[in-house]
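# Working through the structure, step by step
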Amino acid sequence: MIHKLIIEFTLDKKQKIDCNIGSVLQGIMMTFLDRDYGEILHRQSLKPYSQYFEIKDGKYYWIINTLTEEAKEKIIDKILVSNRRSLDLIYRNTKLNIEKIELIKGIISQNEGKRDTIVYFKTPTSFKKTSGGYEIFPSVRHIFNSLINKYEQFGEDFVEITYNKNDLLEEIIQNVEIVGYNLKTETFGVKGNYLPGFMGSVNFKVKGNQDFKNTISKLLKFGEYSGIGLKSTMGMGAINII
């Protein structure tokens, strides 16, 4: 079961913050967890959560998504029972004052596939190149390879989609096309390093029958919770389906 924790907060001091605070928020999140579970997460290549920061209508939000029931119990529930009203932002010598907390269940609709879909990348998104370095422009292969790998690991009905993820990826590459975009390059700070990526909207056209379109819709909707690409646990790769 997928869950989303939405934490609205204000700053103790008037300072400018942006999505790059995501890696700091991940560190804060880890302070709530039991040490044993933190070590388990550290050993996993794909982790059962994503988190990111966003500003919406002038308000600050920290979003934490968990992809399994265990992750919800070990991460979200630990934050909720702590009953903390502020979080220390040590490197800025300030606090994040918690104004409101909302927990909602994630819903992935089964039959909403359509021909035209727009995906908005809210935080910098990037992919590793097999030759080294980073891919900072979206492609159907990179986006859906990331989604398929995460859905295979944490989705509840992967075998209903396909028995062979490589065949599914090839079918997607043949039948899904990027037909428009409005993007900008953007970097994301991680421990003093800046990873190159992109933000903005990508327009997809989906061919094939209704079952195939439903599969694409399900993968993209899952991506709203799992994130896409690199370091979605640190605040990268957050998306909305428009």
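Residues numbered from 1 in each chain as written. Predicted model: local features only at pLDDT ≥ 70, side-chain atom pairs only at ≥ 80, totals over all residues. Heavy atoms only, no water.

## Regarding the sheet that holds strand β3 (residues 59-66)
A sheet is described by the order of its strands in space; here 5 strands give the open sequence β2-β3-β1-β5-β4, paired in antiparallel fashion. Two strands close off the open sheet at either side, each with one partner strand: β2 (49-56) and β4 (86-89). Here the strands of the sheet are splayed against their neighbours by 30° on average, with no regard to which way each runs. Pairing analysis gives 8 bridges linking β2 to β3, with the strands arranged antiparallel. Residue pairing for β3: Tyr49 is matched across the bridge by Thr66. (Pairing = 2+ DSSP bridges. Helix = DSSP H or I, 4+ residues; strand = E, 2+ residues; numbered from the N terminus. Axes fitted to C-alpha atoms, helices over the stretch in contact; angles between N-to-C directions.)

## Quick look at the environment of Ser109
Inspection of the secondary structure puts Ser109 in the loop between β5 (94-105) and β6 (116-125). With relative accessibility at 27%, the residue Ser109 sits in the partly exposed group. Along the sequence, Ser109 and Gln26 sit 83 residues apart, while their C-alpha atoms lie 29 Å from each other. (Buried < 20%, exposed > 50% of the residue type's maximum accessible area, 1.4 Å probe, protein only.)

## Side note on empty space enclosed by the protein
On inspection of all chains with the given rule, the structure shows 2 cavities of 30 Å³ or more. Quantified by volume, the largest cavity comes out at close to 40 Å³. Residue lining of the largest cavity: 14 residues in total, with Ser50, Tyr52, Gly227, Gly237 and Ala238 positioned closest to the centre. Looking at the lining of the largest cavity, the elements that each hand over two or more residues are β2 and α7 (210-226). With 4 residues, the top contributor of residues to the lining of the largest cavity is α7. For the second largest cavity, the calculated volume is near 30 Å³. (1 Å grid on protein atoms, 1.4 Å probe; cavity = no way out; pocket = protein on both sides within 12 Å on 5 of 7 lines; lining within 4 Å. Points joined across faces, edges and corners; volume = space filled by probe spheres on them.)

## Regarding the layout of surface pockets
Looking at the largest pocket, its volume works out to about 860 Å³. Looking at the lining of the largest pocket, the elements with two or more residues in it are α1 (22-30), α2 (35-43), β7 (127-128) and α4 (140-154). Among the elements that line the lining of the largest pocket, the one with the most residues is α4, at 7 residues. Class assignment for the residues of the lining of the largest pocket results in 10 nonpolar, 13 polar and 6 charged. The computed volume of the second largest pocket comes to approximately 420 Å³. In this structure, the second largest pocket is lined by 18 residues; those nearest its centre are Tyr52, Glu54, Lys56, Lys122 and Asn240. Of all the secondary structure elements, the ones that give two or more residues to the lining of the second largest pocket are β1 (3-11), β2, β3, β6 and α7. At 5 residues, the largest contribution of residues to the lining of the second largest pocket is made by β2. (Nonpolar A, V, L, I, M, F, W, Y, C, P; charged D, E, K, R; others polar.)

## Some thoughts on helix α3 (residues 69-82)
Think of an α-helix as turning once every 3.6 residues; residues three or four places apart then point the same way. Over its 14 residues, α3 runs 19 Å from end to end, which matches the ideal 20 Å to within 8%, given 1.5 Å per residue. Those residues of α3 lying buried are Ala71, Lys72, Ile75, Ile76 and Ile79. (Expected span 1.5 Å × (residues − 1).)

## Looking at the sheet that holds β6
A sheet is described by the order of its strands in space; here 4 strands give the open sequence β9-β10-β6-β11, paired in antiparallel fashion. Both edges of this open sheet fall to β9 (176-190) and β11 (239-241), since each of them pairs with a single strand only. Adjacent strand axes in the sheet meet at a mean angle of 15°, parallel and antiparallel pairs treated alike. Two strands pair when backbone bridges link them, and β6 and β11 are joined in this way by 3 bridges, in the antiparallel orientation. Across the sheet, residue Phe121 finds its bridge partner in β11, namely Ile239. This element, α4, spans β6, β9 and β10 (193-206) of the sheet and lies at about 70° to β9. Contacts from α7 reach β6, β9, β10 and β11, with the element oriented near 140° to β11. (Contact = heavy atoms within 4.5 Å.)

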